[in-house]
Amino acid sequence: MNTSLNRRLAAGTVFLAVVAGVAPATAAQAAPGSTGSAHAAPSLPAPDDAALAAALENTRAAGAPGAMARISGRDGVRNATVGVRDTVTGAPMDTDARFRIGSVTKTFSAVVLLQLVDEKKIDLDAPVNHYLPGLLPDDRITVRHLLTHRSGLADYTNAMFDDTVAGFEAVRNKVFTYDELVKLSLSEPRTAEPGVSYQYSNTNFVVVGMLIEQATGHPVAEEYEQRIIEPLKLDHTSYVHPDTQIEGMHAHGYLTPDQAGLPLVDSTEQTVSWARSAGAMISNAADLNTFTSALVTGRLLPAPLLDQMLTMTPTDATNTRFYGLGLRRYDLSCGTSVYGHTGTVQGFYTYAFSTRDGGRSLTAMANTSNRGAANSALGGTLEAAFCGKRPAPTAAAATAATAATDGAL
Ligand code: REY
């Protein structure tokens, strides 16, 4: 292994490559069709390479072994990386690397479910118990409540991962049935009456997986494959539950223990059975950009169902974060709205978002988790990619820059 490369990587050098020619971005972002309550979008600022590099550097400085971002769209493709995808071999982070996308899986599950709605196999406003008799303790919980995180079903993963490393090791090789996961949720009090409030819960998308399997008679893997992966030629995307490996060139994921000073845990290999249809997919940045842009441009769903998916309610008091049906909307500082999902699975943070017209998409990934500052810093790639804005330097980045300079002397 090239040790000077490693040293540069360790010092946080950001590698940035603009693959295609970049024309000034002037295209208005608004697209035909409903955007829920999104306001009219201004013209889209050009991405800022220095800002993208700074966001990744902040992520590394906050403790991620590596991070990457890929912007795709009508302005060309930009790739940026920092750090390593494997701390043992020192292999540099690579924008082609595959990784665990966590809850970006929810958007795939929502697309499949909405296709089944289109095929009249499922009604969005029917009770879940109509399709899965007796599964839930409340007949008022509808399919739409699941997709909007308004069922009130507790998220069993909070208790499961209360102790981060012990919780992870206890389930790393475990295979859960859907029923077992639902039972875990139902052993806790429900968080709200059906429909009343947004409460993010993995349980909702576990039940979505059950609905897909019940309505089609096939495993979700087959439905993802035939309805999304094959039509969009997402050659690096897979759902291999309960296999534990990530095939092909991939990033290793590093889980941060709760107690400071303990070594990172290589969490790359796991069944992700604790999440199944709520979070077990594997993909890469190019495929996720293809997926989010195809979704918003109507290549996966007919307009009425895409409109349903894009009908959003706020998830917090900032009025900049929204959730539709298995889809997030973030309103960025420059007035641009972007649509997609975030993911957190042990060792990996992901952001996968596209403008409403699909003209620009971003996927960003850091191979760390249980490290909130790194996740926030990685979120800075959204402002860089869609607003051309540089994040404020973080205290961690300033310290790391000083250390890197000292080391070079
Ligand atoms: C599960 C715990 C996070 C992650 C989760 N992910 O619900 C779904 C998502 C699939 O939204 C773990 N945190 C971590 C802890 C906290 O263990 N004690 O950060 O790796 O993507």
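Report follows, based on the coordinates. None of these values were measured; they are calculated from a predicted model. (Residues numbered from 1 in each chain as written. Predicted model: local features only at pLDDT ≥ 70, side-chain atom pairs only at ≥ 80, totals over all residues. Heavy atoms only, no water.)

Moving on, we get to the overall build of the protein chain. From N to C terminus, the protein chain includes 14 helices and 14 strands. For the protein chain, buried positions account for 58% of its 409 residues. Restricting to contacts in the protein chain with at least 6 residues of sequence separation, those with at least 24 account for 71%. Carbon and sulfur atoms make up 54% of the accessible area of the protein chain, which amounts to about 15500 Å² in all. (Helix = DSSP H or I, 4+ residues; strand = E, 2+ residues; numbered from the N terminus. Buried < 20%, exposed > 50% of the residue type's maximum accessible area, 1.4 Å probe, protein only. Contact = heavy atoms within 4.5 Å. Areas by Shrake-Rupley, 256 points an atom, 1.4 Å probe, with all protein chains shown as cover.)

Among the 15 residues in the neighbourhood of the ligand, the closest are listed as Ser103, Phe161, Thr164, Thr344 and Ser369. Between the ligand and tyrosine 200 there is a distance of 2.9 Å, counted from an oxygen atom to a side-chain nitrogen or oxygen. Threonine 344 is positioned with one of its backbone polar atoms (N or O) 2.7 Å from a nitrogen atom of the ligand. Here the ligand has 540 Å² of accessible area as a free molecule, and 84% of this is covered by the chains. Its atoms largely coinciding with the cavity grid, the ligand occupies the largest pocket. Of the residues assigned to the shell around the ligand, the class counts are five nonpolar, 10 polar and no charged. (Near = heavy atom within 4 Å. Polar contact = N/O pair within 3.5 Å; in protein donor to acceptor, adjacent residues only side chain to side chain. 1 Å grid on protein atoms, 1.4 Å probe; cavity = no way out; pocket = protein on both sides within 12 Å on 5 of 7 lines; lining within 4 Å. Sits in = over half its atoms within 2 Å of the grid points. Nonpolar A, V, L, I, M, F, W, Y, C, P; charged D, E, K, R; others polar.)

Phe108, Leu113, Leu114, Leu147, Ile228, Trp274 and Met309 are the most contacted members of the largest nonpolar core, which has 81 residues in total. If we ignore the near neighbours within four places in the chain, the residues touching leucine 114 are Leu124, Leu147, Leu301, Leu305, Met309 and Leu325. Grouped together as the second largest cluster of nonpolar side chains are 24 residues, Ile71, Ala80, Tyr349 and Ala384 included. (Core = buried A, V, L, I, M, F, W, Y, C linked by side-chain atoms within 4.5 Å.)

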